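Spelled out, the chains give:
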Amino acid sequence: HGQGTAWYVSTRLDAPSLGVVMRRVYADAGLTPTDLPDGVEVVTRRAAGERFTVAINHADQPAELPLPGTDLVTGTTNDGTLRLDGGAVAVVRAVDPDRPAPGH
């Protein structure tokens, strides 16, 4: 309806097949997918000069993400790599250079 594109998949795909479909979806939307470790989910929100990224490691093994900032769950600040234990959640706050705070 209107502008845009919708995708509909009417079956449950295995991981490799879903990857093929999602690469086409990303390309159609003009997005570049990130290479996340298996089992890691990441969502980012932006507001007034800050970026908040929620990372969830659904896997049992630890994962490392290129995610500088301060983890609001643990209070730990890293300068470039977030280590996320298996089953752990992090909420990382960082400066967002693409969206400066008003007045800056």
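Every value quoted in this text rests on a predicted model; they were computed, and no experiment measured them.

### Describing the pairing of strand 2 (residues 50–57)
- Every second residue of strand 2 is oriented toward a common face, the buried set being R51, T53, A55 and N57 and the non-buried set E50, F52, V54 and I56.
- Here strand 1 (residues 40–47) folds back onto strand 2 in antiparallel fashion, the turn holding two residues, of which A48 has a positive phi close to 40 degrees.
- Pairing of strand 2 with strand 7 (residues 89–95), which is carried by seven bridges, proceeds in the antiparallel orientation. Paired with A55 across the bridge in strand 7 is A90.

### Remarks on the sheet that holds strand 2
- Sheet architecture is open: five strands sit in the order 1-2-7-4-5, paired in antiparallel fashion. A single partner strand is all that each edge strand has here, and the edge strands are strand 1 and strand 5 (77–78).

### Description of the pattern of salt bridges
- Tallied over the entire structure, the rule returns three salt bridges.
- Between R46 and D96 there is a salt bridge; the shortest N-O distance is 2.8 Å. Taken together, the residues R46 in strand 1 and D96 in the segment after strand 7 connect sequence positions 50 residues apart.
- On the accessibility criterion, R46 (40% relative accessible area) is partly exposed.
- A salt bridge links D85 to R83; its shortest N-O distance comes to 3.8 Å.

About the thresholds
Residues numbered from 1 in each chain as written. Predicted model: local features only at pLDDT ≥ 70, side-chain atom pairs only at ≥ 80, totals over all residues. Heavy atoms only, no water. Buried < 20%, exposed > 50% of the residue type's maximum accessible area, 1.4 Å probe, protein only. Helix = DSSP H or I, 4+ residues; strand = E, 2+ residues; numbered from the N terminus. Pairing = 2+ DSSP bridges. Salt bridge = Lys/Arg side-chain N within 4 Å of Asp/Glu carboxyl O.

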